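Overview (structure and organization)
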Amino acid sequence: MRYQLRADDDAKHAVLTRLAPTLVAAGIALRLWQFFARSALWTDEATIANNIVDRSLKELITAPLGHNQAAPVGFLFIEKLAAMTLGPNELALRAYPLLSSILALVLLWRVAKRLLPAPSIPIVLAPFAFAPLLIFHAAEVKQYSSDVAISIALLLVALEASDVDAIEPLPTWRIALAAATGALAVWLSQPAVLVVAGLGVALAIGALGARGQRRARQRTELAFIVGVWAVSALAATIVSLHHLTPNAHRFMSTFWSDGFWPLSLRHPSSVAWPVAHTALLLGSQLGLPTSIGLACALLAAVGIVATWRSAWRTSLVLVMPLVIALGASAAALYPFAERLALFLVPSLLLLAAIGVAEIAASVRLKSGASVVMAMATIFVLVVEAQALYAAPPVYRREEITPAIAYLRRASRAPDASYIYYGAEPAYAFYNARDALPARATMGGCHRGDSNAYLAELDRFRGRSRVWLLFAHELPRLHEREMMLTHLDSLGTKRDSMTVKGRDASGNATYVRLYLYDLAASPPIDSTVARATPDSPSGMIEPRLQCSPPGE
């Protein structure tokens, strides 16, 4: 299906038509810029990277990941091969996410050309090319970029398989390719299971409604494709569940609890939850104000109605993965939130662009459609330019390497060092590559128990040189300030270093290093001198509480 505004509209929009390849090229350039800047691994990246680097390929694929991590086995397999081939470094580990992000941009362009009039395509590509978070994910050792690329690839496969206008039957190789794409996708991406489920339902309903000489043949073709997808998705789901420990599952469910749809017949207002969270999803992931995210969500609703009226099979292909994702959210099986739902953004952008095209086509004034399309494109470009200006690359979420380099130069073998629990994964990754002289003590996570932190610090009383490394703090908890106040009462700060960075939201980030002299503070009994009262753990929201022991 392809939307047409008027026969002469594409000619009137020659500038908008030529804008699409420019946006794709700019998006690729921004991703390469972020990648080759080689920012330090931040805590979440380092945690998954440590799993990848420290384990054998067999252990990585068959055993549950440590530290409450979850990732599809296909992603882990590719990352392990990259680390083994190119070395355990940032560029090697981020190569697959980078290629996935570039592929996603190109595939989205192709899908947009299939579905939209040429003047509408920049409305889809501009936010996708310039969104700071998408640029950041392109150089992050996580699966979010590949989730997006795989969802778009599956969307393209489903659109081609559901093309009932084609008179000739699908070639055997295309049927096999479509089946293989979906079968492989669910091993490379966890949300791909939701995507193939939605697309499978869409293709099945579309085949039941097919007419003409291809009806029986198309049903057979689609039954084979969907059947292969279902078998592979079931196997991948079983493996994924085995790959997640009960503690990790509880941790994930708690951390992402806001992403589960509280659908209830007793609370009719919960029906509005999907609209509100779709707006939040678009706003947060594309760097847009929530109000514009809501406008995009409403335009997507217009696009759903428009596609249903003119090409209902296409409407099903675009909408059913969203429906399945919302159902999984209501059943508390998969959260509809933030980066975990990023794979739905391409379809929502396509639907929103269709909504804009339909509104433009409804304008009856002469050249009215042209004016509407031009204004919509300019508006999108301005909004995304503002988001990119507010948070330009390079994003350095937790730039810990300069602090580690300074610690390597300045520390001595007799020194002691304390690694704040938030900094531990990144410290472990870089220390494993080049061990530091100072003997390190890894701090524990004791949110809500200030005395436990002070007890850890009291072990260093009497030491003349104690280093402390902080990263990945939660400012609202004020843990670092509390710990430094205690150390100031025990000794003297001799040195300090602060490395400033910036995340994809434009917020400043900090990694801090301190050197304390505690020689004048003799060791004491662990039950004495607690300067800060405990904060009951119940006062900390559940998603911020420490991970279960042993994870």
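Here the structure is a predicted model, which is why all the values come from computation and not from measurement. (Residues numbered from 1 in each chain as written. Predicted model: local features only at pLDDT ≥ 70, side-chain atom pairs only at ≥ 80, totals over all residues. Heavy atoms only, no water.)

1. Some remarks on the overall build of the protein chain
For the protein chain, the helix and strand inventory stands at 22 helices and five strands. Relative to its full complement of 551 residues, the protein chain shows a buried share of 52%. Relative to all contacts within the protein chain whose residues are 6 or more apart in sequence, the contacts with residues 24 or more apart total 79%. Put simply, the protein chain shows about 23700 Å² of open surface, and 63% of that area lies on carbon and sulfur atoms. (Helix = DSSP H or I, 4+ residues; strand = E, 2+ residues; numbered from the N terminus. Buried < 20%, exposed > 50% of the residue type's maximum accessible area, 1.4 Å probe, protein only. Contact = heavy atoms within 4.5 Å. Areas by Shrake-Rupley, 256 points an atom, 1.4 Å probe, with all protein chains shown as cover.)

2. What about the nonpolar core?
Leu116, Phe128, Leu350, Ile400 and Leu469 are the most contacted members of the largest nonpolar core, which has 136 residues in total. The element that contributes the greatest number of residues to this core is helix α9 (residues 144-161), accounting for 12 residues. If we ignore the near neighbours within four places in the chain, the residues touching Ile400 are Ala40, Leu41, Ala423, Ala426, Tyr427, Tyr430, Leu469, Ala471 and Val511. Tyr418, Phe460, Met482 and Met483 belong to the second largest nonpolar core, which has 19 residues in total. (Core = buried A, V, L, I, M, F, W, Y, C linked by side-chain atoms within 4.5 Å.)

3. Quick look at the packing of aromatic side chains
The description of two aromatic rings rests on the distance between their centres and on the angle between their planes. Going through the model one piece at a time under the given rule, you end up with 15 aromatic pairs. On the numbers, 6.2 Å between centres and 10° between planes, the contact of Trp261 with Trp273 is stacked. With Trp261 in the loop between α13 (246-255) and α14 (273-286) and Trp273 in helix α14, this pair connects stretches of sequence that are 12 residues apart. When the centroid spacing of 6.4 Å and the interplanar angle of 75° are considered together, the rings of Tyr406 and Trp467 count as edge-to-face. Of this pair, Tyr406 sits in helix α19 (residues 401-410) while Trp467 sits in strand β3 (residues 466-470), and the two are 61 residues apart along the sequence. Judged by its relative accessible area of 22%, Tyr406 is partly exposed. (Phe/Tyr/Trp six-rings, centres within 6.5 Å; stacked < 30°, edge-to-face > 60°.)

4. Comments concerning a nonpolar patch on the surface
Together, Phe77, Leu81 and Met84 make up a nonpolar patch on the protein surface, roughly 280 Å² of accessible area in all. Mapping Phe77 onto the fold places it in helix α5 (residues 73-86). With a relative accessible area of 37%, Phe77 lands in the partly exposed category. (Patch = residues over 30% accessible without salt bridge, like charges linked within 9 Å, V, L, I, M, F, W, Y side chains within 5 Å. Salt bridge = Lys/Arg side-chain N within 4 Å of Asp/Glu carboxyl O.)

5. So, the pattern of salt bridges
In the structure shown here, the tally under the stated rule is 12 salt bridges. A salt bridge links Glu160 to Arg174, with the nearest nitrogen and oxygen atoms 3.2 Å apart. Within this pair, whereas Glu160 is found in helix α9, its partner Arg174 is found in helix α10 (residues 172-188), the two being separated by 14 residues in sequence. The exposure class assigned to Arg174 is partly exposed, which follows from its relative accessible area of 30%. Glu473 is the salt-bridge partner of Arg512, the closest N and O atoms lying 3.6 Å from each other.

6. A word on the packing of α10 against helix α11 (residues 192-208)
Two elements in contact, α10 and α11, have axes separated by 8 Å at closest approach and are oriented at 150°. As the angle between them shows, α10 and α11 are arranged roughly antiparallel. Residues Gly182, Ala185 and Val186 of α10 lie in contact with α11, whose contacting residues are Ala192, Val193 and Val196. Its residues placed into classes, the contact of α10 with α11 shows five nonpolar, one polar and no charged. (Axes fitted to C-alpha atoms, helices over the stretch in contact; angles between N-to-C directions. Parallel < 35°, antiparallel > 145°, perpendicular 65-115°, else oblique. Nonpolar A, V, L, I, M, F, W, Y, C, P; charged D, E, K, R; others polar.)

7. So, the side chain of Lys80
If you trace the backbone, Lys80 turns up in helix α5. Among buried charged residues, Lys80 stands out as having no salt bridge; its nearest opposite-charge side chain is Asp54, 7.4 Å away. With residues near it in sequence (within four places) discarded, Lys80 still touches Ile52, Val53, Arg55, Ser56, Leu57 and Leu60. (Lys, Arg positive; Asp, Glu negative; His and termini not counted.)

8. Observations concerning the pairing of strand β1 (residues 416-419)
The alternating pattern of β1 places Ala416 and Tyr418 and Ser417 and Ile419 on opposite faces, both of which are buried. Bridge count for β1 against strand β2 (residues 439-442) is four bridges, and the pairing is parallel. Looking at β2, one finds that Ile419 is bridged to Met442. Judged from the four bridges that link them, β1 and β3 form a sheet pairing that is parallel. Note on β3: the bridge partner recorded for Ser417 is Trp467. (Pairing = 2+ DSSP bridges.)

9. Brief notes about the side chain of Lys142
On the secondary structure map, Lys142 appears in the loop between α8 (132-137) and α9. Despite its burial, Lys142 remains without a salt bridge, the nearest opposite charge being carried by Asp44 at 4.9 Å. Within the local environment of Lys142, its side chain forms a polar contact with the side chain of Gln69, the two groups lying 3.3 Å apart. The residues touching Lys142, leaving out its near neighbours within four places in the chain, are Asp44, Ile48, Gln69, Phe75 and Pro97. (Polar contact = N/O pair within 3.5 Å; in protein donor to acceptor, adjacent residues only side chain to side chain.)

10. Re unusual backbone geometry
Following Pro393, the chain continues to Val394 via a peptide bond in cis, the omega torsion being 15°. Here Val394 lies in the loop between α18 (368-390) and α19. With phi around 45°, Glu338 is a residue other than glycine that occupies positive phi space. Considering the arrangement of structural elements, one finds Glu338 in the loop between α16 (312-330) and α17 (345-361). Under the relative-accessibility criterion, Glu338 is labelled partly exposed at 38%.

11. Side note on the confidence of the model for the protein chain
The predicted coordinates should not be examined in detail at positions where pLDDT is low. Taken as a whole, the protein chain shows an average pLDDT of 86; of its residues, 89% reach a score of 70 or greater. Across residues 1-8, where pLDDT falls below 50, the model places 28 contacts with residues more than four positions away in sequence or in other chains. (pLDDT = per-residue confidence, 0-100.)

12. Regarding the layout of surface pockets
Size it by volume and the second largest pocket reaches roughly 340 Å³. Among the elements of the structure, α7 (121-130), α15 (290-310), α17 and α18 are those that each provide at least two residues to the lining of the second largest pocket. Within the lining of the second largest pocket, the residues separate by chemical class into 19 nonpolar, no polar and one charged. (1 Å grid on protein atoms, 1.4 Å probe; cavity = no way out; pocket = protein on both sides within 12 Å on 5 of 7 lines; lining within 4 Å. Points joined across faces, edges and corners; volume = space filled by probe spheres on them.)

13. Overview of α10
Look at α10: 24 Å from first C-alpha to last across 17 residues, which is about the 24 Å you get at 1.5 Å a residue. Along α10, the residues classified as buried are Ile175, Ala178, Ala179, Gly182, Ala183, Ala185, Val186 and Leu188. (Expected span 1.5 Å × (residues − 1).)

14. Structural notes on empty space enclosed by the protein
Inspection of the entire model under this criterion finds four cavities of 30 Å³ or more. In this structure, the largest cavity encloses a volume near 90 Å³. Lining the largest cavity, in full, are Ser151, Ile152, Leu155, Val195, Leu199, Val317, Pro321, Phe343, Leu344, Pro346 and Ser347. Only α9, α11, α16 and α17 provide two or more residues apiece to the lining of the largest cavity. When residues in the lining of the largest cavity are grouped by element, the largest group, three residues, is from α9. Here the residues of the lining of the largest cavity sort into nine nonpolar, two polar and no charged. Put simply, the second largest cavity is a space of about 60 Å³. Counting residues per element, the lining of the second largest cavity draws most heavily on α9, at three residues.

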